[in-house]
Every structure is written in C-alpha cells, then in structure tokens.
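# Structure assessment
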Amino acid sequence: MAVVAENAVGSENQFSRRQTVPCNQESKYQRDVRKLVDLLSNLNPSAKEFFPAGRKSDGRLSADAPIFVASVDYYNGGNAYSFVNNYSSNNNRDSSSDGSSNNQTMMNRRRNGYSQGRRRMNDRVRRAEREESIRRTVYVSDIDQNVTEEHLAELFANCGQVVDCRVCGDPHSILRFAFVEFADEEGARVALNLGGTMLGFYPVKVLPSKTAILPVNPKFLPRSNDEREMVVRTVYCTNIDKKVAQSEVKLFFEHVCGEVSRLRLLGDNVHSTRIAFVELFRLFF
C-alpha cells in the first residue's frame, strides 16, 4: 500500500508538470500524501485478514463454529422475558405523539375482519339453505274453502314426506293458496304431477314455488289448550282512527259480537291509525 502511495506521488509530480498549479497548494498536497505514506509504512505487510472463530474466508460458518447457550439463571432471573417484553413494547409503539400501540389496532382489525368474514359466511349459509328449501317447496292455488291443511297434506303425502304445509288467503274465498314443503327435492318434483287433481269442488294447480315457507317462532305459538282457546276467541282489528277511544271500540264489538273479555289498543306516532286485539268471551259469528 505504501508503494501505491509513492506511485501516486510520482504520477502526481508528472501531472503537475503538465498543468500550472499554485505553489502553495501543490506543496500542501504533497505534504498530506507524504504523511499518508509514512502512516501506511508503519503497518505490517505480512499481516493477514482477521476472521472470527468458526467463520470461513468466504463468510460462511464452519461446522465447528461455537454455539451460544444461555445459562439457566439467565431465564430463571426473568432477564429473557424482560428483554423480549421490552423489545416488543418498544417496537409496537406507533410513531404518533400519543404513543398508542399498533398491536391493539392490528388486533381490532383482525377481530373485525374475522367478524365480517364469519357474518358473510353465515349469510351465504342461510342463503344456500333458503334456496335449497325453495327447491323442496311447491305452490298450490285454487284451493277450496273447505279444504284444510290436514287434507292438503294427506293429498301430497303420496309424493313424499311433507315437512310443512301452509294455507293462506281469505278462508271464505276460493282464491286461497298454499305452500307445501317436502323433505327432499324428489318429493317436490313428483308433486308437480298432481296439478289438476280435484280437491273439494275445484281442481288445484301445482307449480314450483318461488319462495320458502317462513318458519314460525315457537315462542309465539300457544303452548297449552287454554292458550289455543284464547287465540281462537281473539280477533285482530286494523285501521282504527286515533280519535276513537278504547271504550268505544269495546262497545262496538260488544254490540256486534257479544261480551268482550279483554281488549288491547295499540298505536304510535308514525302511523295515522291504530290496531286492536279483541278477545271475546265466546266465539260468535
């Protein structure tokens, strides 16, 4: 390396002959180079590059490289836990001035993402179940007013296991319809062949259903014979003017239907009319 520096001085002398350089600057540069040459000349030319124990000259670890193993006291003293805890707490700090932790933010994001994913999964499951229920359901129209749900279920029982049967519409009109749900899709396909069957005084029409039967909340169903009797004796009345008092509604039903056992008048500030549930002392039509 000293030889390289001397060559640099020689080449600099040759270069200085070609160009005009101020004398004071040239002498200062030469003094700095000579100082560097003197410094490098003090180094041992036969010295070798130092490699840590177990590391080869190409930078790889050798097979006999020592392995660091911490003592048991290091872990028992809690130093390792303290170091990891402090390191995690320091590195999880946000760059904002309030010092809030990114760890809690990431946990909230993961929790929200998991909740949204689970909600989407539940929606897909419910949608799939509803579509599968629609494929197992048929729509029946032109049902005679004397036909009950039991009669309708007996007719379609030959096609497969009937899971549910709902008759809808005005009971005093022939324009009633029903939905019949089977245990499998095969029963619904076989039920389509019953279109035109005489049931009562009219032939029924059977078509594939476009909707599923809405399940009934069992909490709203009567659970005893007394509750069933009370449901039969209760009528639902709508479109009641807000100016009409509860006593007037009661007098009206007692005049038309007989003694009223219980009456409940309901309304709100959104709708212009109210509704009422009237429980009669006995069924009278």
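Provided above is the structure to which this section pertains.
Structural notes, computed from the coordinates. Predicted model only: the values in this text are computed from it and were never measured.

Within strand E1 (residues 137-143), five of the seven residues are buried, which leaves the element mostly enclosed by the surrounding structure. Examined bridge by bridge, E1 and strand E3 (residues 176-182) share six bridges and lie antiparallel to one another. When the sheet's bridge partners are listed, Val138 is paired in E3 with Val180. Where E1 lies against strand E6 (residues 205-208), four bridges are found, and the strand directions are antiparallel. Across the sheet, residue Ser141 finds its bridge partner in E6, namely Lys205.

As for its position among the elements, Glu279 is in strand E9 (residues 273-280). Exposure remark for Glu279: the relative accessible area of 7% places this residue in the buried category. Look past the residues within four positions of Glu279 in its chain and what remains in contact with it is Met230, Arg233, Thr234, Val260, Ser261 and Arg262.

A few words now on the sheet that holds E9. Read from one edge to the other, the open sheet built from three strands follows the order E7-E9-E8, with strand pairing classed as antiparallel. The open sheet terminates on both sides in strands that have one partner only, identified here as strand E7 (234-241) and strand E8 (260-266). Across the sheet, the mean angle from the axis of one strand to that of its neighbour is 20 degrees, orientation sign disregarded. Pairing of E7 with E9, which is carried by six bridges, proceeds in the antiparallel orientation. Following the sheet pairing, Cys237 is matched in E9 by Ala276. Where helix H9 (residues 246-256) meets the sheet, it contacts E7, E8 and E9, and its direction lies at approximately 140 degrees from that of E8.

Criteria and thresholds
Residues numbered from 1 in each chain as written. Predicted model: local features only at pLDDT ≥ 70, side-chain atom pairs only at ≥ 80, totals over all residues. Heavy atoms only, no water. Buried < 20%, exposed > 50% of the residue type's maximum accessible area, 1.4 Å probe, protein only. Helix = DSSP H or I, 4+ residues; strand = E, 2+ residues; numbered from the N terminus. Pairing = 2+ DSSP bridges. Contact = heavy atoms within 4.5 Å. Axes fitted to C-alpha atoms, helices over the stretch in contact; angles between N-to-C directions.

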